[in-house]
Amino acid sequence: MIAALVAIILFPQLLFANKMKYKKFKVCSNDTVSYDIGIVLDNDLLGIGPAARARLHNVIIKVRIDPKSNLAFPTFRKECEINLTYLLAHEMIHCLQAKKYGIMKFNPFRHPEFWKLEGYPEYISRKSWLSSKDYSLTSEIERYVSLENKATDIWILTGEGGCEFPDYYFKGRLMIEYLMDIKHLSYDQILKDSVSENTIFKEMIKWKDSTKKIEH
Ligand SMILES: [Zn+2]
């Protein structure tokens, strides 16, 4: 019984009626799998967040999706929409974390601090936007600070399709981005580093303020 349950959790594809192979992906769904999903899978998926789960090599999307408009529709906190590519890439990075560092270090019960756990997938999934010309990390830090000031709890509206996420998704992404792109640390080094979240956040704000001064 337990073995069967574990098998279903780790290999949920057994439960789905419809399957489609697309390049290196296998898509399983209760609904008929449309080839539109291929567009999303093709579309800069690896170059470039949670209504979904990652388990071993599987990503499970638990909400309605529209591959044509590249959107997923979370309902957990309220109805909203998120970029399906970001969502898939985010969950795939969780698969990668578990594969590289081991399921014993990356699982729902044991994992690094939330900003390190969620910040990295958020950073990687948005990579193409983050490296675009009109993107500014300092403006994004300022946007986060103003959202945080307005928030009454950890849930903040990130501005992407009206979805609210716990603050460590956005904050974590900014901190990972700062550590990797400005301080040139690797994710390995970030995971091993014992400097507190608060200390790094303050340091990042100082960096942002000094950069702004130079710009003006
Ligand atoms: Zn996540």
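The text that follows walks through the structure, step by step, so that each part is easy to find. (Residues numbered from 1 in each chain as written. Predicted model: local features only at pLDDT ≥ 70, side-chain atom pairs only at ≥ 80, totals over all residues. Heavy atoms only, no water.)

## Concerning the nonpolar core
Part 1 of the reasoning: One finds Trp115, Tyr120, Tyr123, Leu174, Ile176, Met180 and Met204 to be the most contacted residues of the largest nonpolar core, which totals 28 residues.
Part 2 of the reasoning: For this core, the secondary-structure elements that each account for two or more residues are α3 (84-101), α4 (114-125), α6 (137-150), α7 (167-182), α8 (187-192) and α9 (197-215).
Part 3 of the reasoning: Here this core gets seven residues from one element, more than from any other, and that element is α7.
Part 4 of the reasoning: Those residues in contact with Trp115 that sit more than four places away from it in its chain are Tyr120, Tyr168, Gly172, Met175, Ile176, Leu179, Ile190, Glu197 and Ile200. (Core = buried A, V, L, I, M, F, W, Y, C linked by side-chain atoms within 4.5 Å. Buried < 20%, exposed > 50% of the residue type's maximum accessible area, 1.4 Å probe, protein only. Helix = DSSP H or I, 4+ residues; strand = E, 2+ residues; numbered from the N terminus. Contact = heavy atoms within 4.5 Å.)

## What to know about the environment of Leu10
Part 1 of the reasoning: Relative to the helices and strands, Leu10 resides in helix α1 (residues 2-10).
Part 2 of the reasoning: Note: C-alpha distance between Leu10 and Asp31 (21 residues apart in sequence) is 21 Å.
Part 3 of the reasoning: When residues no more than four places from it in sequence are discounted, the contact partners of Leu10 are Leu56 and Asn58.

## Overview of the packing of α3 against α4
Part 1 of the reasoning: Where α3 contacts α4, the axes come no closer than 8 Å and their chain directions differ by 130°. If you check the angle between α3 and α4, you find them oblique. Judged by the twist between their axes, the crossing of α3 over α4 is right-handed. On α4, the residues that touch Tyr86, Ala89, His90, Ile93, His94 and Gln97 of α3 are Lys116, Leu117, Glu118, Tyr120, Pro121, Glu122, Ile124 and Ser125.
Part 2 of the reasoning: Considering only residue class, the contact of α3 with α4 consists of seven nonpolar, four polar and three charged. (Axes fitted to C-alpha atoms, helices over the stretch in contact; angles between N-to-C directions. Parallel < 35°, antiparallel > 145°, perpendicular 65-115°, else oblique. Left-handed = near helix turned anticlockwise from the far one by under 90°. Nonpolar A, V, L, I, M, F, W, Y, C, P; charged D, E, K, R; others polar.)

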